[in-house]
Amino acid sequence: METILEAVNIVKYFYDPVKVKVLDGVNFSIAKGDFVSIVGKSGCGKSSLMYVLSTMDTDYEGEVKIDGVSMQRKKEKYLAKIRNEKIGFVFQFHYLLNEFTVLRNVMLPGLKLNRYSEKEVEARAYEKLQTLGIGELALKNAARLSGGEKQRVAIARALINDPDIIMGDEPTGNLDKKNSELVFDIFKQLSQQLNQTMLIVTHDPDFAAKTNRIIRMEDGKIVDEQR
Amino acid sequence: MKPKLLFNIAQSLLMARWRQTLIAAVGVTFGITMFIALLSFMSGLNDLLDGLVVNRTPHIRLYNDIRPRQHQAVTKWPAYKNDYPIISSLKSGNVRQEIYNSGPIIQALEQNKQVLGVAPTITAQVFFNDGTVAINGVINGIDVAAERKLFFFDDYIVAGKSSDLNTIPNSIILGKALAEKLVANVGDVVQITTSTGTIFQLKVVGYFQSGLNDFDKAQSYASIQTTQKILGKSSLYITDIRIKLHNINEAPALAKTFGRIYGVDAEDIQTANSQFETGSFVRSLISYAVGITLLIVAGFGIYNILNMMIYEKMDTIAIMKAMGFSGRDVKTIFLVIAIGIGLFGGGTGLLAGYGLSVVINHIPFHTAALPTVKTYPINYNPLFYIIGISFSLITTYLAGWLPARKASKIDPVVIIRGK
Ligand SMILES: Nc1ncnc2c1ncn2[C@@H]1O[C@H](COP(=O)(O)OP(=O)(O)O)[C@@H](O)[C@H]1O
Ligand SMILES: [Mg+2]
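Residues numbered from 1 in each chain as written. Chains lettered and ligands numbered in written order. Predicted model: local features only at pLDDT ≥ 70, side-chain atom pairs only at ≥ 80, totals over all residues. Heavy atoms only, no water.

## Quick notes on the overall build of chain B
Okay, so step 1: Per the secondary structure count, chain B includes 16 helices and 10 strands.
Okay, so step 2: Seen along its three principal axes, the alpha-carbon backbone of chain B occupies a region of about 105 × 65 × 40 Å.
Okay, so step 3: Each of the 419 residues in chain B was classed as buried or not, and the buried ones make up 46%.
Okay, so step 4: Looking at chain B as shown, the accessible area adds up to about 21,400 Å², and 60% of this sits on carbon and sulfur atoms.
Okay, so step 5: Computing the positive centroid from 37 side-chain charges and the negative centroid from 26, chain B places the two 10 Å apart. (Helix = DSSP H or I, 4+ residues; strand = E, 2+ residues; numbered from the N terminus. Buried < 20%, exposed > 50% of the residue type's maximum accessible area, 1.4 Å probe, protein only. Areas by Shrake-Rupley, 256 points an atom, 1.4 Å probe, with all protein chains shown as cover. Lys, Arg positive; Asp, Glu negative; His and termini not counted. Charge placed at Lys NZ, Arg CZ, Asp CG, Glu CD.)

## A closer look at the interface of chain B and chain A
Okay, so step 1: Tallying the contact residues gives 30 residues for chain B and 26 residues for chain A.
Okay, so step 2: Here chain B packs against chain A, burying approximately 2,500 Å² in sum over the two surfaces, 63% of which is carbon and sulfur.
Okay, so step 3: Where A:Lys112 meets B:Asp329, a salt bridge forms, and the shortest distance between an N and an O atom there is 2.5 Å.
Okay, so step 4: When contributions to the side of chain B that touches chain A are tallied by element, the ones reaching two or more residues are helix H1 (3–16), helix H13 (314–323), helix H14 (327–361) and helix H16 (412–418) of chain B. (Contact = heavy atoms within 4.5 Å. Buried area = accessible area lost by both parts, 1.4 Å probe. Salt bridge = Lys/Arg side-chain N within 4 Å of Asp/Glu carboxyl O.)

## Observations concerning unusual backbone geometry
Residue and element names in this part refer to chain A.
Okay, so step 1: Here the residue pair Asp16 and Pro17 is connected by a cis peptide bond, since its omega of 0 degrees sits within 30 degrees of zero.
Okay, so step 2: Inspection of the secondary structure puts Pro17 in the loop between strand E1 (3–14) and strand E2 (20–31).
Okay, so step 3: The backbone of Glu170 sits at a positive phi, close to 50 degrees, despite the residue not being glycine.
Okay, so step 4: With respect to the helices and strands, Glu170 occurs in the loop between strand E7 (165–169) and helix H6 (177–194).
Okay, so step 5: The phi torsion at Asn195 lies on the positive side, around 55 degrees, for a residue other than glycine.
Okay, so step 6: In this fold, Asn195 is placed in the loop between H6 and strand E8 (198–201).

## Side note on the nonpolar core
Okay, so step 1: Within the largest apolar cluster, 117 residues are counted, with the highest numbers of intra-cluster contacts made by A:Leu5, A:Phe187, A:Leu199, B:Phe334 and B:Ile337.
Okay, so step 2: With nine residues, H14(B) is the single largest residue contributor to this core.
Okay, so step 3: Apart from residues no more than four positions distant in its own chain, A:Phe187 is found in contact with A:Phe35, A:Ile155, A:Ile166, A:Pro171, A:Met198, A:Ile200 and A:Phe207.
Okay, so step 4: Within the second largest apolar cluster, 22 residues are counted, among which are B:Val118, B:Ile238, B:Phe258 and B:Val264. (Core = buried A, V, L, I, M, F, W, Y, C linked by side-chain atoms within 4.5 Å.)

## A short note on the sheet that holds E2(A)
Residues and elements named next belong to chain A.
Okay, so step 1: Read across the open sheet, the four strands follow the order E2-E1-E4-E5; overall the sheet is antiparallel. Every interior strand has two partners, whereas the edge strands, E2 and strand E5 (69–70), have only one.
Okay, so step 2: Sheet topology note: the E1/strand E4 (residues 61–66) ladder contains five bridges and is antiparallel. Counted as the bridge partner of Ala7 is Val64 from E4. (Pairing = 2+ DSSP bridges.)

## Section: the packing of aromatic side chains
Okay, so step 1: A full pass over the atoms with the stated rule returns 14 aromatic pairs over all chains.
Okay, so step 2: Taken together, a centroid distance of 6.2 Å and an interplanar angle of 55 degrees make the contact between A:Phe187 and A:Phe207 tilted. Of the two residues, A:Phe187 sits in helix H6 while A:Phe207 sits in helix H7 (residues 205–209), which places them 20 residues apart along the sequence.
Okay, so step 3: With a centroid separation of 5.7 Å and 55 degrees between ring planes, the pair formed by B:Tyr354 and B:Tyr380 is classed as tilted. Of the two residues, B:Tyr354 is situated in helix H14 and B:Tyr380 in the loop between H14 and helix H15 (382–408); the sequence distance between them amounts to 26 residues.
Okay, so step 4: Judged by its relative accessible area of 44%, B:Tyr354 is partly exposed. (Phe/Tyr/Trp six-rings, centres within 6.5 Å; stacked < 30°, edge-to-face > 60°.)

## Regarding the side chain of B:Thr227
Residues and elements named next belong to chain B.
Okay, so step 1: Relative to the elements of secondary structure, Thr227 occurs in helix H9 (residues 224–231).
Okay, so step 2: Residue Thr227 is classed as buried on the basis of its relative accessible area of 0%.
Okay, so step 3: One polar contact links the side chain of Thr227 to the main-chain carbonyl oxygen of Ser223, over a distance of 2.7 Å.
Okay, so step 4: With residues up to four places along the chain from it excluded, the contact list for Thr227 reads Ile122, Ala124, Ile139, Asn140, Gly141 and Ala222. (Polar contact = N/O pair within 3.5 Å; in protein donor to acceptor, adjacent residues only side chain to side chain.)

## A word on the site of ligand 1
Okay, so step 1: A:Phe14, A:Asp16, A:Val22, A:Lys41, A:Ser42, A:Gly43, A:Cys44, A:Gly45, A:Lys46, A:Ser47, A:Ser48 and B:Arg417 make up every residue found near ligand 1.
Okay, so step 2: Per-site note: the chains with residues close to ligand 1 are chains A and B.
Okay, so step 3: At 3.1 Å from an oxygen atom of ligand 1 is found a main-chain nitrogen or oxygen belonging to A:Gly45.
Okay, so step 4: Between A:Ser48 and ligand 1, the recorded distance is 2.5 Å, taken from a side-chain N or O atom to an oxygen atom. (Near = heavy atom within 4 Å.)

## Overview of the environment of A:Met167
Residue and element names in this part refer to chain A.
Okay, so step 1: Locating Met167 in the fold gives a position in strand E7.
Okay, so step 2: Linking Met167 and Lys150, residues 17 residues apart in sequence, is a C-alpha distance of 17 Å.
Okay, so step 3: Other than its neighbours up to four places away in sequence, Met167 contacts Leu5, Met50, Leu53, Ser54, Ile87, Gly88, Phe89, Val90 and Leu199.

## Some points on the domain arrangement of chain B
Okay, so step 1: Under the domain assignment used here, chain B contains domain 1 (3–54 + 276–418) and domain 2 (60–75 + 92–271).
Okay, so step 2: Distance between the C-alpha centres of domain 1 of chain B and domain 2 of chain B: 52 Å. (Domains from an automatic or database assignment.)

## Here's the deal with the pairing of strand E7 (residues 199–208) of chain B
All names here are of chain B.
Okay, so step 1: Of all 10 residues making up E7, seven are buried, and the element is well covered by its neighbours.
Okay, so step 2: Relative to E7, strand E4 (residues 157–160) is paired through three bridges, and the arrangement is antiparallel. If you follow Ala159 over to E7, its bridge partner there is Tyr207.
Okay, so step 3: Judged from the five bridges that link them, strand E6 (residues 189–194) and E7 form a sheet pairing that is antiparallel. Bridged to Val190 within E7 is Leu202.
Okay, so step 4: Connecting E6 to the next strand, E7, in antiparallel fashion are four residues, including Gly197 with a positive phi near 100 degrees.

## Regarding the pairing of E4(A)
Residues and elements named next belong to chain A.
Okay, so step 1: Bridge count for E4 against E5 is two bridges, and the pairing is antiparallel. Directly across from Lys65, in E5, lies its bridge partner Ser70.
Okay, so step 2: Counting the residues in the hairpin turn of E4 and E5 gives two residues, including Asp67, whose phi is positive at 55 degrees.

## Comments concerning the confidence of the model for chain B
Residue and element names in this part refer to chain B.
Okay, so step 1: Residues of chain B with pLDDT of at least 70 account for 96%, and the chain-wide mean is 84.
Okay, so step 2: Confidence, read as mean pLDDT per element, is least for helix H3 (residues 73–76) in chain B (77) and greatest for H14 (91).
Okay, so step 3: Reported confidences for the modelled complex are a pTM of 0.73 and an ipTM of 0.92. (pLDDT = per-residue confidence, 0-100.)

## Examining H13(B)
Okay, so step 1: Along H13(B), eight of the 10 residues are buried, which leaves the element largely enclosed by surrounding structure.
Okay, so step 2: Turning to H13(B), its buried residues number three or more, namely B:Thr316, B:Ile317, B:Ala318, B:Ile319, B:Met320, B:Lys321, B:Ala322 and B:Met323.

Here it is as structure tokens:
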């Protein structure tokens, strides 16, 4: 199976206020089409790992390979391009840009990539919104949406460039039960119907139980893996 | 990625905060408006004041100065050839003020490509008789057409018209102050006595007012022919040739050349009026200093608004970086915002500056010193507008640079974690 994401012996420290090892030799790889969840107690280093894997954090030891290419010592601009092209990120807080409409929010990474014309990007964004059942919100201002709707828009945005992998850091952490289930169903659907590769941090055992593979972390180490 | 996208994002960020950006832009507008109006007004005043001197001063004046002969008899005596003579009580004398060959000289000068025009003159010292009183005065014999073209003679005529000097025989235009002393109205006849005692009757055809009252108390103008008649000289008698050049800066060099070629004294305007440029320079300097200070203040306004905007838009910046916009993209976006403010503020500033200049230009301004000036002077030099918009763009760029750099350096992880 083709490996999309590989972490090789990732070590990360925080120096403030004292030197703390938050990631202590993390090794794993994710194959194309995998739907993986990471679970673990609060403070065990899940978010820190996600930031390293997503190329936003460059202050670590070890190696991150995306689609076989090492991210070590790459320029900021190159990493930005990788994020744009290959990674879709969904955060706990939806982080939509309030200055824009829903549609425009979804389009932005696509326009940045500039692989398709603006018209095509718009059509694709609309299509993604439709798939997620929020097509009718397209022209609304992003600030006017409910939390669950915002998170679905954020997922549509993560999908716009057909990324190699979608990463989520507790994407349902801020949602009520009903919306959490809705969002989870979307992830499930993406995995089953589109064979989308996904790596999702969660503290919700129900959520994790429904993924193909569970990685359990403790004190910056992987302690257990379940399929 | 197309640059259009960054412009688009910049525009959206601007519109989302249009009130603050408008205030920042108004700061620039104010700065540019004042800059334009101040410079146009100061420059207009400069031109006016310089005009007082430059309009009426020839670039080069050819004349014969009164001085002792260069070659005294003793220097020509062969026996003293190797000696150095010391002559006491040397007197000026016998130097004729008339310029020899004035006709051919004038012709040659008029053909010179560097010369704009030539105005021959003579002056006659006379007494104006007013009852029992004799007022000391000067009659300038002028070539009216040349005087009009080169020295804006008509600008200073406040009554009558200058062409009457040519058409009405024995006519004179009096300085306004002189006419008042003589109680001479236009159409009256005044009587003069020359230095040789001859008495003439001259008809007053107009007044002129130069702006310098002392000058107007003693000066008057007549045609060259009339003046020659008063002096009892032939029609070849010319004492001064006043020259205007195309380029005033060539005056010192050309004065030397003309002096040598024609064997006369030649004085250039720079030597004659060395101080007037200093005044203009200082006035310009002050206007620029004030204008640029205003722009710098406006620049701080932009710096503030951008800093505030970046502080408010931390999340937006972080998420854009997470989505794949590079630090440079973010920097460009904020620079575009800054320059957008500069362009908008500067553009409206140019219009408002022009408007204010027009308003100033219509404010009545009467002064006895400047008869032709009815309103405050404005110099509508396009250069001020070019400098104004350039400065507004430069200051906004500089004001935007630091905040934009700060924005580009924002670490998305820190922001996203902070939630
Ligand atoms: N900027 C930071 N400086 C110092 N310590 C930090 C910083 N960010 C996180 N930490 C610490 O690192 C550990 C791991 O944090 P995190 O990766 O957010 O864990 P998780 O996402 O699993 O809850 C925690 O103990 C947290 O307090
Ligand atoms: Mg976390």
